[in-house]
Amino acid sequence: MSHTRCSLLRLATMVAVGTVPMAARAPASAQEPSYSMAIHDTHFEPGTLNVRAGVKFKLVVTNARKVAAEFESPELNREKVVPPGQTVTIYIGPLAPGTYPFVDDFHQSTKGQMIAK
Ligand SMILES: [Cu+2]
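Residues numbered from 1 in each chain as written. Predicted model: local features only at pLDDT ≥ 70, side-chain atom pairs only at ≥ 80, totals over all residues. Heavy atoms only, no water.

### Some remarks on the sheet that holds strand E8 (residues 98-104)
- Taken together, five strands build an open sheet; the order of strands is E3-E9-E8-E5-E6 and the sheet is mixed. Edge strands, defined here as strands with exactly one partner in the open sheet, are strand E3 (48-51) and strand E6 (78-82). Adjacent strand axes in the sheet meet at a mean angle of 20° when their direction is disregarded.
- Bridge analysis of strand E5 (residues 69-73) against E8 gives two bridges, and the strand direction is antiparallel. Among the inter-strand pairings, Phe 71 is bridged to a residue of E8, identified as Asp 104. (Pairing = 2+ DSSP bridges. Helix = DSSP H or I, 4+ residues; strand = E, 2+ residues; numbered from the N terminus. Axes fitted to C-alpha atoms, helices over the stretch in contact; angles between N-to-C directions.)

### A look at the packing of aromatic side chains
- Counted under the stated rule, the structure contains three aromatic pairs.
- Ring geometry for Tyr 35 and Phe 57: centres 5.3 Å apart, planes at 85°, overall edge-to-face. Here Phe 57 lies in strand E4 (residues 57-63) and Tyr 35 lies in strand E1 (residues 34-39), a separation of 22 residues in the sequence. Just as Tyr 35 is buried, Phe 57 falls in that class too.
- Taking the centre distance of 4.7 Å and the plane angle of 90° together, the rings of Phe 44 and Phe 102 count as edge-to-face. Taken together, the positions of Phe 44 in strand E2 (residues 44-45) and Phe 102 in strand E8 put the pair 58 residues apart, joining distant regions of the chain.
- Classification of Phe 44 as buried rests on a relative accessible area of 2%. (Phe/Tyr/Trp six-rings, centres within 6.5 Å; stacked < 30°, edge-to-face > 60°. Buried < 20%, exposed > 50% of the residue type's maximum accessible area, 1.4 Å probe, protein only.)

### Side note on the nonpolar core
- Ranked by size, the top nonpolar core spans 22 residues in total, and within it Leu 59, Leu 95 and Met 114 carry the most contacts.
- Secondary-structure elements contributing two or more residues to this core are E1, E3, E4, E5, strand E7 (87-92), E8 and strand E9 (111-116).
- Not counting chain neighbours up to four residues away, the residues in contact with Leu 59 comprise Tyr 35, Met 37, Leu 49, Phe 71, Val 88, Thr 89, Ile 90, Ile 92 and Met 114. (Core = buried A, V, L, I, M, F, W, Y, C linked by side-chain atoms within 4.5 Å. Contact = heavy atoms within 4.5 Å.)

### Brief notes about the confidence of the model for the chain
- Confidence in the prediction for the chain averages 86 pLDDT; 74% of positions are at 70 or higher.
- In the predicted structure, residues 18-23 sits below a pLDDT of 50 and forms four contacts with residues beyond four places in sequence or in another chain. (pLDDT = per-residue confidence, 0-100.)

### Observations regarding the environment of Glu 32
- Here Glu 32 shows up in the loop between helix H1 (3-17) and E1.
- On the basis of relative accessibility, which here comes to 16%, the residue Glu 32 falls in the buried class.
- C-alpha separation for the pair Glu 32 and Tyr 91, spaced 59 residues apart in sequence, amounts to 9.7 Å.
- Residues contacting Glu 32, with those up to four places away along its chain left out, are Lys 56, Phe 57 and Tyr 91.

### What about the sheet that holds E1?
- Read across the open sheet, the four strands follow the order E2-E1-E4-E7; overall the sheet is mixed. This sheet does not close on itself; its edge strands, each paired only once, are E2 and E7.
- Across two bridges, the pairing between E1 and E2 is antiparallel. Across the sheet, Ala 38 pairs through a bridge with Glu 45, a residue of E2.

See the structure below:
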């Protein structure tokens, strides 16, 4: 589905369940855990990312492709375009323990998951 359409769906979902987007987050401190991930032509590397539950962390995403990608996860309430060859930083959490799927929204067969413990 298109970027715009999935954003609208997500907003509609949040309204429906009575939650609101998180407020703007404070800048990260150096203490926060940082995890790195790359987007390749057919997969994320790693495809399963283990993260610490209960703390805010940094996710550093590099797009190793020659085309734009979009890290997207309604479960994580995150959506970020990553231009080809570039790296973005996404702040996530604190997460409850659980499994959080994500996808390259521009190439939906490319999927991964985050496991918070
Ligand atoms: Cu999208």
